[in-house]
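# Architecture and fold: a report
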There are 4 protein chains.
Amino acid sequence: MKRTIGHRCWAIPEGYIPPASTGRGRALESHETVCILNAGRRAARVSITVFFADRAPAGPYRIVVPARRTRHLRFNDLREPEPIPKGRDFASLVVSTVPIVVQHTRLDSRQPALALLSTIAFPVR
Amino acid sequence: MKRTIGHRCWAIPEGYIPPASTGRGRALESHETVCILNAGRRAARVSITVFFADRAPAGPYRIVVPARRTRHLRFNDLREPEPIPKGRDFASLVVSTVPIVVQHTRLDSRQPALALLSTIAFPVR
Amino acid sequence: MKRTIGHRCWAIPEGYIPPASTGRGRALESHETVCILNAGRRAARVSITVFFADRAPAGPYRIVVPARRTRHLRFNDLREPEPIPKGRDFASLVVSTVPIVVQHTRLDSRQPALALLSTIAFPVR
Amino acid sequence: MKRTIGHRCWAIPEGYIPPASTGRGRALESHETVCILNAGRRAARVSITVFFADRAPAGPYRIVVPARRTRHLRFNDLREPEPIPKGRDFASLVVSTVPIVVQHTRLDSRQPALALLSTIAFPVR
């Protein structure tokens, strides 16, 4: 377990925050999430750049994932340098100072029963 | 961020446009999507070939994804050289002039609550 | 497009045919599917071995995917050498005579609104 | 089929046991699953470490997957050294003595119709 686990750059071409929800509470609110595992011994300083169809990219959004911790970050919660608009197609690039593993998940509760999607992100390098 | 991000050829063996929808509006209409991220500095000229079970492939369908932009293209919207039939199994091959990253997503709203699936496509080279 | 596309061996650790359905017709019947893309110029002779938790593997199940065609095969439809039991965990290994690309999809309509999952299979070699 | 199939270390950044269910019986109870295929000729001794956002990792959880068998293990069922809390974000690292293939699946039945997600895990090495 001493070798590094993961890559320093990951891409997620799909991104969309459903603009409505039918569930109650934060857990069932529609959300778009990037799940980051930092299995290593050093904190990961992570920068996320968000790409759109028709304007220049937003970001970087900066977060820290401590050593041997996971963080499931909702795009809904990003505020600085600007919020991600709901109901709009985007993509993201996740760059870290140390190797991490990234998975992309959406919960969509626009209709009375929620839907889920998930995939390991694409490891760029 | 100066190195290339992605591959020039991607495969998606699964493809199906659900032939019905229960949601209202374009956002909730059943759709099959290819999400393309072009994180590079040059526009991507993309050709999509669609394979079927029992006839010769269709295409190529040609689109452009500008530099540092994403495009979420619905197979439903393809018209030239021919529309993709609904309710029929297909697969696709996505070839680009520059490296891109590709993700496959379906929203199926045939029944009263929508369903989602998504996966990073297979990077051929 | 002259080089080979894909691998000759793919693994799918997840497998489960939901034992009930609420939708009408074959399209909405719960099913577990392996989607195969043969983008090459020669027919693919494919052998599928199915693994279980508590008995010896079943198969091989043999199918052919013609050149430049896709085939979305339901595990529900396999009959020779034996049907796959519903409601039971399994996994599968897909071996081909020529390179192919494999994706795994499930439609689960046990409850009144269907659910979907999908992932590119794991390319063994 | 004599060569090894898979890797000895896999990562799953996403993990969440939905804290409620609407379906009846074990099959429809919300669950988070790791599906392991051991296609080889030797038993796999597997250790799973679970990472959280705000505390030290739990585990290792130890299981055995016999030769040429699959095992779909629910995180819900883990008891030793401690149960995994429901409704809390986690991630996992799966390490095996022999090559295996790992897929991650969730069934979420908090709302009246179930939702599914699945992805091949990330092969670390």
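Residues numbered from 1 in each chain as written. Chains lettered and ligands numbered in written order. Predicted model: local features only at pLDDT ≥ 70, side-chain atom pairs only at ≥ 80, totals over all residues. Heavy atoms only, no water.

## Describing the interface of chain D and chain A
Contacts between the two partners involve 36 residues from chain D and, on the opposite side, 33 residues from chain A. In this assembly, chain D packs against chain A so that about 2,600 Å² is buried in total across both faces, 64% of it on carbon and sulfur atoms. In terms of surface lost to chain A, no three residues of chain D exceed Pro13(D), Gln111(D) and Phe122(D), which account for 26% of the buried area on that side. Linking chain D with chain A are zero salt bridges, by the criterion used here. Scanning the region where chain D abuts chain A turns up 11 residue pairs in polar contact (both at pLDDT 80 or more). Elements that contribute at least two residues to the side of chain D that touches chain A include exactly strand 1 (7-12), strand 3 (44-52), strand 6 (90-108) and strand 7 (115-120) of chain D. Taken together, the residues of the side of chain D that touches chain A break down into 22 nonpolar, six polar and eight charged. (Contact = heavy atoms within 4.5 Å. Buried area = accessible area lost by both parts, 1.4 Å probe. Salt bridge = Lys/Arg side-chain N within 4 Å of Asp/Glu carboxyl O. Polar contact = N/O pair within 3.5 Å; in protein donor to acceptor, adjacent residues only side chain to side chain. Helix = DSSP H or I, 4+ residues; strand = E, 2+ residues; numbered from the N terminus. Nonpolar A, V, L, I, M, F, W, Y, C, P; charged D, E, K, R; others polar.)

## Here's the deal with the interface of chain A and chain B
On the chain B side, the residues contacting the 36 residues of chain A number 33 residues. Carbon and sulfur atoms supply 64% of the area that chain A and chain B bury against each other, a total of about 2,600 Å² over both sides. Ranking the residues of chain A by area buried against chain B places Pro13(A), Gln111(A) and Phe122(A) at the top, with a combined share of 25%. Linking chain A to chain B there are 11 residue pairs in polar contact (both at pLDDT 80 or more). Among the elements of the structure, strand 1 (7-12), strand 3 (44-52), strand 6 (90-108) and strand 7 (115-120) of chain A are those that each provide at least two residues to the side of chain A that touches chain B. The element best represented in the side of chain A that touches chain B is strand 6 of chain A, accounting for eight residues. Looking at side-chain class alone, the side of chain A that touches chain B contains 22 nonpolar, six polar and eight charged residues.

## Notes on the relation of the copies chain A and chain B
It takes a turn of 90 degrees to lay chain A on chain B, together with a shift of 0.0 Å along the axis; the resulting RMSD is 0.0 Å. The symmetry that links the two subunits is that of a four-fold axis. (Least-squares fit on C-alpha atoms with pLDDT ≥ 70 in both.)

## Describing the side chain of Asn38(C)
Residues and elements named next belong to chain C. Relative to the elements of secondary structure, Asn-38 occurs in strand 2 (residues 31-38). Separated by 3.1 Å, the side chain of Asn-38 and the backbone nitrogen of Gly-40 make a polar contact. At 3.2 Å, the side chain of Asn-38 forms a polar contact with the backbone oxygen of Pro-66. If we skip the residues at most four places from it in the chain, Asn-38 touches Ala-43, Ala-44, Val-65, Pro-66, Ala-67, Arg-68, Arg-69, Val-98, Pro-99 and Ile-100.

## Points about the packing of aromatic side chains
The full count for this structure, using the stated rule, is eight aromatic pairs over all chains. Residues Trp10(A) and Phe122(D) carry aromatic rings whose centres are separated by 5.1 Å and whose planes lie at 70 degrees to one another, so their mutual orientation is edge-to-face. With Trp10(A) in strand 1 and Phe122(D) in strand 8 (residues 122-123), this pair bridges two chains. In terms of burial, Trp10(A) and Phe122(D) fall into one category: buried. The residue whose ring lies beneath Arg88(B) is Phe52(B), and the NZ or CZ to ring-centre distance is 5.1 Å. (Phe/Tyr/Trp six-rings, centres within 6.5 Å; stacked < 30°, edge-to-face > 60°. Buried < 20%, exposed > 50% of the residue type's maximum accessible area, 1.4 Å probe, protein only. Lys NZ or Arg CZ within 6 Å of the ring centre and 35° of its normal.)

## Notes on the confidence of the model for chain A
When pLDDT is averaged across chain A, the result is 95; 98% of the residues are at 70 or more. Overall fold confidence for the complex sits at a pTM of 0.97, while the interface term, ipTM, reaches 0.96. (pLDDT = per-residue confidence, 0-100.)

## Thoughts on the environment of Arg26(A)
Note on placement: Arg26(A) falls in helix 1 (residues 25-28). Apart from the residues lying within four places of it in its own chain, the contact partners of Arg26(A) are His31(A), Arg74(A) and Asp77(A).

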